[in-house]
Amino acid sequence: MSERRLEILKGFYQNYVKPFYKTAHKAKDEGKLVAWVASTFPVEILLAMDIIPVWPENYASLCAARKVSVPLCEKAERKGFSKDICSYARCVLGSLFDGENLPEGGIPKPDILAVSTCACDTHLKWFQVANRIFKKPLLLLDVPYNVESTSPEDLKDYHIKHYVSQVEDMVSLLEEHSGTRLDEDKLRRTLELSNKSSNLWLKIQDHRKNIPAPMGAREAFSAVYFMLCIPGTEEAVDFYERLEDELEQRVRQGIGIVEDEKYRLVWDNLPLWFNLQMFQYMRSLGAVVVAETFSHVWAGTLDPSEPYESLARKHLLNMSNCTIERRIELIMGLVKDFHADGVILPTNWGCRMMTIGETLMKKKLQEMADVSSLILDVDSTDWRSFDEYRVKTKLETYLKTLK
Amino acid sequence: MFVPSGYVVSNSCDNQNKIYDLWRHCTTIQKTYFINTPHSTTETALHFFCEELERFREWLTKSFEVEITEENLKKTINIFNENRRLLRQVYELRRQKPPLVSGSEALEIVLSSMMIPKDEHNLLLRRLLDEIEERSIPFEKSARLLVSGSVIGNPELLRLIESVGGCIVADDLCTGSRYFWNLIEEDGEPMKAIAERYLRKIPCPFMYSSEERFRHVREMVKLFDVEGILIFSLKSCDVHSFDAPLLAEELKNNENLPVICLEWEHSLSGIAQLRTRIEAFIEMLE
């Protein structure tokens, strides 16, 4: 069984991630501001103000991939932070408390911190703790939790209004702090680019509906980097255009990422950042992840003529800001559209937002879509409780039950 | 079997939000409501919260065919505030040496306030405050402790501390002082007053800033002449778990107070280890 690596992803880390951190570290020399940003914050606003976004979540995943996350988590735990809280947070906080020989010279220090309540409580608490060290402005976008709406059109007006008025206040604060005004043309352009990159990203996902799938989770969790970190840039669009081309070719030629595709899976939540080879192992069994929920939370077209309102509409509907039904629907949709045989639900211990309700999800997926799922008790960043043999056995056993 | 007519959940933390989901699937309760409580205390947030509470009021009115008048609201606010004042009076008794009410007793008193109609509870509290004059407790020198944490729904944990010689005189708990410390403004519009009180009370750590809560702990330390602090982190109560080391550091470094941080679970598993550590801490104080 041969591995068919995607050309565009060769050297991905060296070509894209390393320079990104280098730029952020040199920001001060270039008179630019650096912002710590948590995912689901409308980063397009910051990009339009030439503020460099740095993502502590990305930094944690990078530390895990470089196998230094656990020692960093331990540093945070020695300072009294519970082992039960988010491993991303423990890892990054650990790197601040005691930082020597850190990947990419450590996480770049912020001039501003920006977080929304959209994804989880942990983002705010994590940044609050870090800000005891930095003492910089901490912006909180307080996003109303969406209980009822299922589309951009049926969102509550007063939710959108509340989101927009906070963004307007935030922009004033940022302008005051940075000494520069938000360039509206640049914001429009950023939104256009963000749309372009997310449309390309969705096209890329569409290719994975093919049998065999030209791309799996290993590639997706690298390539999603642009959607997460710098969606509204020429760089994102360029990369996704090239990735999309390569996939289109592979589909035309019938080249799957795995030679002998036997099982097609949907993967919920985060991967094992410290053990991305797990996907290779699964492929050796003929199993390919054809869709991840993580890849499908970026949908939502932005309207450059109504920037704040369309950002509100997009983020209010983010799966993490909605009730469990939306997540179940998303997974069911992915199973159907991507012709999946099964679903993997990794627990990511410490992530309350994703963990609570997994058994309910498993039950509902079986009842409503007649699809079975496998719950894996693992963490994305902290490998101390990871039992490789046990996880592999569970996977093997599960795959045998499919088809 | 008692089945509630409905349930209401506030947008406090991820755990709460998910409870809203799970109960919808695991119970037969039909009428459910989610109050989108803001996580900041700005004017914008207050305005949003006022409107949110109006919407909640409308839902209650329609769903249960009740009337919620301004007059009723004012009356209820008075009764609730009376309960808060009386609970404060009970807590005043803990300033004495020795305190006339123990920590576990105080917890039971506050917990019972959450479970029965407030006007009934007020009657019980008035009786208690009368009767307690007769109480005499032999003076035993023991370290005066403050317990900080989130929800302690069972006095067993506090009794454990008391069983090893701890004298709990104050607390910073969701089910303790933070439940009743702030009153509702009785002049002006009742709905606005309710919104203001609940949004701007001594905060739970899900809010934007914990500074007000840390200030409350320092105030409790002074008022109750506290000599040692136990900070309890409840497993999976993440917002508190992030705050705990910060609070501990502040109390140790700025206030020069002995602090111990302990993790625990509702099931009280690992209780033997907890007891050992608490006992050692108390011995160290004495």
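Residues numbered from 1 in each chain as written. Chains lettered and ligands numbered in written order. Predicted model: local features only at pLDDT ≥ 70, side-chain atom pairs only at ≥ 80, totals over all residues. Heavy atoms only, no water.

## A short note on the overall build of chain B
Argument step 1. Looking only at helices and strands, chain B features eleven helices and six strands.
Argument step 2. Here chain B has a C-alpha radius of gyration of 20 Å; the compact-globule value for 286 residues is 19 Å, and the two agree.
Argument step 3. When the backbone C-alpha atoms are referred to their principal axes, chain B occupies close to 60 × 45 × 40 Å.
Argument step 4. Burial status across chain B gives 51% buried among its 286 residues.
Argument step 5. Summarising the internal contacts of chain B: among those between residues at least 6 apart in sequence, 72% fall at separations of at least 24.
Argument step 6. Accessible surface computed for chain B: about 13700 Å², of which carbon and sulfur atoms make up 52%.
Argument step 7. Averaging the positions of the 34 positive and the 46 negative side-chain charges in chain B gives two centres separated by 1 Å. (Helix = DSSP H or I, 4+ residues; strand = E, 2+ residues; numbered from the N terminus. Rg over C-alpha atoms; globule rule 2.2 N^0.38 Å. Buried < 20%, exposed > 50% of the residue type's maximum accessible area, 1.4 Å probe, protein only. Contact = heavy atoms within 4.5 Å. Areas by Shrake-Rupley, 256 points an atom, 1.4 Å probe, with all protein chains shown as cover. Lys, Arg positive; Asp, Glu negative; His and termini not counted. Charge placed at Lys NZ, Arg CZ, Asp CG, Glu CD.)

## A short note on the overall build of chain A
Argument step 1. When helices and strands are tallied, chain A shows 17 helices and eight strands.
Argument step 2. Whereas a compact globule of 403 residues would reach a radius of gyration of roughly 22 Å, chain A reaches 21 Å, a difference of no more than 12%.
Argument step 3. Judged by the C-alpha coordinates and their principal axes, chain A covers about 60 × 50 × 40 Å.
Argument step 4. Per-residue burial for chain A yields a buried fraction of 63% across its 403 residues.
Argument step 5. The long-range fraction of contacts in chain A, counting pairs at least 24 apart against all pairs at least 6 apart in sequence, stands at 79%.
Argument step 6. Of the accessible surface of chain A, which amounts to about 15600 Å², a share of 49% is contributed by carbon and sulfur atoms.
Argument step 7. Taking the average place of the 52 positive charges on the side chains of chain A and the average place of its 59 negative ones, the gap between the two points comes to 5 Å.

## Here we look at the interface of chain A and chain B
Argument step 1. Taken together, the 41 residues of chain A in the interface contact 41 residues of chain B.
Argument step 2. Of the roughly 3600 Å² buried where chain A meets chain B, counting both sides, 57% is carbon and sulfur surface.
Argument step 3. Of all residues in chain A, A:K125, A:R132 and A:Y145 bury the most surface against chain B, accounting for 19% of the area lost on that side.
Argument step 4. Joining chain A to chain B, the criterion identifies six salt bridges.
Argument step 5. A:R132 serves as the salt-bridge partner of B:E211, at 3.0 Å between the closest nitrogen and oxygen.
Argument step 6. At the boundary of chain A and chain B, one finds 17 residue pairs in polar contact (both at pLDDT 80 or more). (Buried area = accessible area lost by both parts, 1.4 Å probe. Salt bridge = Lys/Arg side-chain N within 4 Å of Asp/Glu carboxyl O. Polar contact = N/O pair within 3.5 Å; in protein donor to acceptor, adjacent residues only side chain to side chain.)

## Examining the packing of aromatic side chains
Argument step 1. Summed over all chains, the structure comprises 38 aromatic pairs over all chains.
Argument step 2. Between A:Y158 and B:F48, the ring centres sit 6.2 Å apart and the planes meet at 50 degrees, which makes this aromatic pair tilted. Of this pair, A:Y158 sits in helix α7 (residues 157-178) while B:F48 sits in helix α2 (residues 43-64), each in a different chain.
Argument step 3. Taking the relative accessible area as the measure of exposure, B:F48 reaches 4% and is therefore buried.
Argument step 4. Residues B:F232 and B:W264 carry aromatic rings whose centres are separated by 6.5 Å and whose planes lie at 80 degrees to one another, so their mutual orientation is edge-to-face. Here the residue B:F232 occupies a position in strand β5 (residues 228-234), and B:W264 occupies one in strand β6 (residues 259-264), the gap between them amounting to 32 residues. (Phe/Tyr/Trp six-rings, centres within 6.5 Å; stacked < 30°, edge-to-face > 60°.)

## Focus on the pattern of salt bridges
Residues and elements named next belong to chain A.
Argument step 1. On inspection of all chains with the given rule, the structure shows 57 salt bridges over all chains.
Argument step 2. For E367, the salt bridge is made with K363, and the minimal N-O distance between the two is 3.8 Å. One end of the pair, E367, and the other, K363, are both in helix α16 (residues 358-369), four residues apart, so they sit about a helical turn from each other.
Argument step 3. The exposure class assigned to E367 is exposed, which follows from its relative accessible area of 52%.
Argument step 4. Look at the salt bridges and you will find they share partners, linking E74, E77, R90, D382 and R384 into a network.

## Here's the deal with the pairing of strand β3 (residues 112-116) of chain A
All names here are of chain A.
Argument step 1. Where burial is concerned, most of β3 is hidden: five out of the five residues are buried.
Argument step 2. As paired strands, strand β1 (residues 34-37) and β3 are joined by three bridges and run parallel to one another. Looking across to β3, one finds that W36 is bridged to L113.
Argument step 3. Here β3 runs beside strand β4 (residues 138-141); their pairing, made up of four bridges, is parallel. From the neighbouring strand, L113 faces β4, where its bridge partner is L138.
Argument step 4. Read from β3 through helix α6 (residues 121-134) to β4, the crossover connection turns out right-handed. (Pairing = 2+ DSSP bridges. Right-handed = clockwise from strand over helix to strand, strands pointing away.)

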